[in-house]
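Listed here are the chains, written in short residue letters.
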Amino acid sequence: MTKRFSGIAASPGIAIAKAFRLNNEQYEPTSDKVADVHIEAERFSQAVEEAKQELEQIRVMTEQRMGAAKSEIFEAHILLLEDPDLIDVIIENIENDHMNAEFALHEVANSFIEMLSTMDNELLRERASDVRDVAGRVMSRLRGVSYAAVSAINEPCVLIAEDLTPSDTAQLNLDYVLGFVTVVGSRTSHSAIMARSLEVPAIVGAGAAAADIETGTMIVMDALEGSVLVEPSDVELTDYHTRKAAYEQRRSELRKLLDQPTISRDGHRVELAANIGSVEDLQKVLANGAEGIGLFRTEFLYMGRNALPTEEEQFQVYKHVLQRMNNKPVVIRTLDIGGDKELPYMKLPVESNPFLGLRAVRLCLNKPDLFRTQLRALLRASSFGQLKIMFPMIAVMEELQEAKRLLQEEKEKLIQESIAVSDNIEVGIMIEIPAAALAAEFLAKEADFFSIGTNDLIQYTMAADRMNETVSYLYQPCHPAILRLIRMVIQAAKKEGKWVGMCGEMAGDEKAIPILLGMGLHEFSMSASSILPARALIKQLSHQEWAGYSEEIAAMSSQERIHQFVASKTRSDLI
Ligand code: PEP
Ligand code: MG
């Protein structure tokens, strides 16, 4: 009988193949002493050297396949192999205590990992898995075995693993690895993010059921639904082959919409833009037919490093994005640090409620020098394209006015320095705090545009931490309260002749798009891979018809009821 289980659909697609179980078993070395400590220390140093060369090869390969940002992790791994707190301590243990190299590595790496795993700081905790990865690689060199079994895969398979380290993911040969299923992980874990950028189907966090699968077992993984079938029947296999073919057919049909504008069945035009976090994301943005950038999360420029980026560094990045987008609109959001996004090197005070604390524009107004540097970089870049500047987490009018005042001051300084600045920069805000949504009619007088940040708007409206899985049932984009706030925001902006976009996850949600189209949302900004499916959907919808449903929808009391309504109407729309 077919066994079924489910996990988190982290990267879409369907794969049908035999399972390949990646063995991440821990090797336990013996504590035997060695006689010649110099030979042993030399053997260890040699293994470290070989591991470094291996990592350098992976780094280059990753840079070519996935861009410089994704390859940085391997630079960090190489640096770990030069870290005296790790390497010198191991050599001391060999030389002073006659430990064998494997045992010394095992002991020192484990105490490092234990220490890092108990840290409060999430970045340091993540560092523990880097140490584990690097130590495993050196251990394999010492033992003369191949470290990453993934590199040895030479026939089509669905990879099953406890988790995939960044180096595993980077070495996947996609001619053979048709998809992967992991026991642990979330939508935002390393392996999930890598899977999406490689466009390989992935299901993560599938739990113990995945851990039981043996190599050679036939598997169907449906990463559209997040379900896995173990030893499917012939009927199920045929069914999934058909679904896979239909999915692939749909993907190739969608490519026909690449260069088309997004126009509803009745001729209403909207803009489909992309969310990005780095310049490396641009390639996919352009390959998926985005009409602009609706959100550049600039905080990623500040993260994963030891010091603030300089004005020049930022300028180069913003200029590059504007130039690559070739005069299409680019909304760059100023720094949104705080909440779950930390900058350890800034040593900000610990807060008991970081999502309600000194986050985003609040932090920037509290540290004007930091803010002014970013504003100057943005202003200098403005003459290279169609820049729109957006402030996150605006709650009250005074914050917007103060942020605009600083922007104006920096602009005047630059003009005095004879540096070119565009005189056509729109300045908008994110609407992601309920107070801002409710007071949108006032903010609309001061802002050139709004972009609704539903990820936060939902968390703050429902009082449900977006990081806490146990309350994730309260993430309800189509809850009547959320729809009312959104409608209010769109109407307030319209009254002032301003445009409204949405850059939270909801903008790419097919159950919400018809309602948002009917409400008159102008711009939908989403992850690049959602753009073509959204364009196909909008082309089949009628703006007028969905505008006409708005009163009916406003009278519905739950998300479930609203979802049913949308499903019934879109089904008949799409026939
Ligand atoms: C949002 O809150 O919806 C948003 C787009 O911003 P972020 O997810 O970066 O907080
Ligand atoms: Mg937000």
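Residues numbered from 1 in each chain as written. Chains lettered and ligands numbered in written order. Predicted model: local features only at pLDDT ≥ 70, side-chain atom pairs only at ≥ 80, totals over all residues. Heavy atoms only, no water.

1. Overview of helix H21 (residues 531-540)
- Counting buried positions along H21 gives eight out of ten residues, so the element sits mostly inside the fold.
- Among the residues of H21, Ile 531, Leu 532, Pro 533, Ala 534, Arg 535, Ala 536, Leu 537 and Ile 538 are the ones counted as buried. (Buried < 20%, exposed > 50% of the residue type's maximum accessible area, 1.4 Å probe, protein only. Helix = DSSP H or I, 4+ residues; strand = E, 2+ residues; numbered from the N terminus.)

2. Here's the deal with the domain arrangement of the protein
- Here the protein is described as being made up of domain 1 (3-24 + 149-253), domain 2 (37-143) and domain 3 (258-574).
- Relative to domain 3, the C-alpha centre of domain 2 lies at a distance of 40 Å. (Domains from an automatic or database assignment.)

3. Quick notes on the packing of aromatic side chains
- Applying the stated criterion across every chain yields a total of seven aromatic pairs.
- Considering the side-chain rings of Phe 296 and Tyr 318, the 6.2 Å spacing of their centres and the 80° angle between planes classify their relative orientation as edge-to-face. Here Phe 296 is found in strand S11 (residues 293-297), whereas its partner Tyr 318 is found in helix H12 (residues 311-324), with 22 residues between them in sequence.
- Residue classification places Phe 296 among the buried positions, given a relative accessible area of 0%.
- The exposure class of Tyr 318 is buried, given its relative accessible area of 0%.
- Ring geometry for Phe 371 versus Phe 391: centroids 5.9 Å apart, planes at 65°, classification edge-to-face. (Phe/Tyr/Trp six-rings, centres within 6.5 Å; stacked < 30°, edge-to-face > 60°.)

4. Side note on the coordination of the magnesium ion (ligand 2)
- Here the magnesium ion (ligand 2) is held by Glu 432 (OE) and Asp 456 (OD), and the distances to it run 2.0 to 2.2 Å. Here the residue Glu 432 occupies a position in the loop between strand S14 (426-431) and helix H16 (434-438), and Asp 456 occupies one in helix H18 (residues 454-462), the gap between them amounting to 24 residues. Neither residue differs from the other here; Glu 432 and Asp 456 are each classed as buried. (Donors = N, O, S within 2.8 Å, 3.2 Å for Na, K, Ca; no water.)

5. Details of the sheet that holds strand S2 (residues 8-11)
- Taken together, eight strands build an open sheet; the order of strands is S1-S8-S7-S3-S4-S5-S6-S2 and the sheet is mixed. Among the strands making up the open sheet, the edge pair consists of strand S1 (3-6) and S2. Between one strand axis and the next, the sheet turns by 30° as a mean value, whatever way the strands run.
- For S2 and strand S6 (residues 202-204), the ladder comprises three bridges, and the chain directions are antiparallel. Residue pairing in the sheet places Ser 11 in a bridge with Ala 202 of S6.
- Packed onto the sheet, helix H9 (residues 234-254) meets S1, strand S3 (14-21), strand S7 (218-222) and strand S8 (227-230) and runs at close to 120° relative to S3. (Pairing = 2+ DSSP bridges. Axes fitted to C-alpha atoms, helices over the stretch in contact; angles between N-to-C directions. Contact = heavy atoms within 4.5 Å.)

6. Looking at the pattern of salt bridges
- Overall, the coordinates contain 40 salt bridges when judged by the stated rule.
- Notably, a salt bridge pairs Arg 59 with Glu 75, separated by 3.9 Å at the nearest N-O pair. Of this pair, Arg 59 sits in helix H1 (residues 37-66) while Glu 75 is found in helix H2 (residues 68-80), placing the two residues 16 residues apart along the sequence.
- Using a relative accessible area of 38% as the deciding quantity, one classes Glu 75 as partly exposed.
- Among the ionic pairs, Asp 336 bridges to Lys 341, the shortest N-O distance being 3.9 Å. Take Asp 336 and Lys 341: they sit in the same class, and that class is buried.
- Each of Glu 311, Glu 312, Arg 372, Arg 376, Arg 380, Glu 402, Arg 405, Glu 409, Glu 410, Lys 413 and Glu 417 takes part in one network of salt bridges that share partners. (Salt bridge = Lys/Arg side-chain N within 4 Å of Asp/Glu carboxyl O.)

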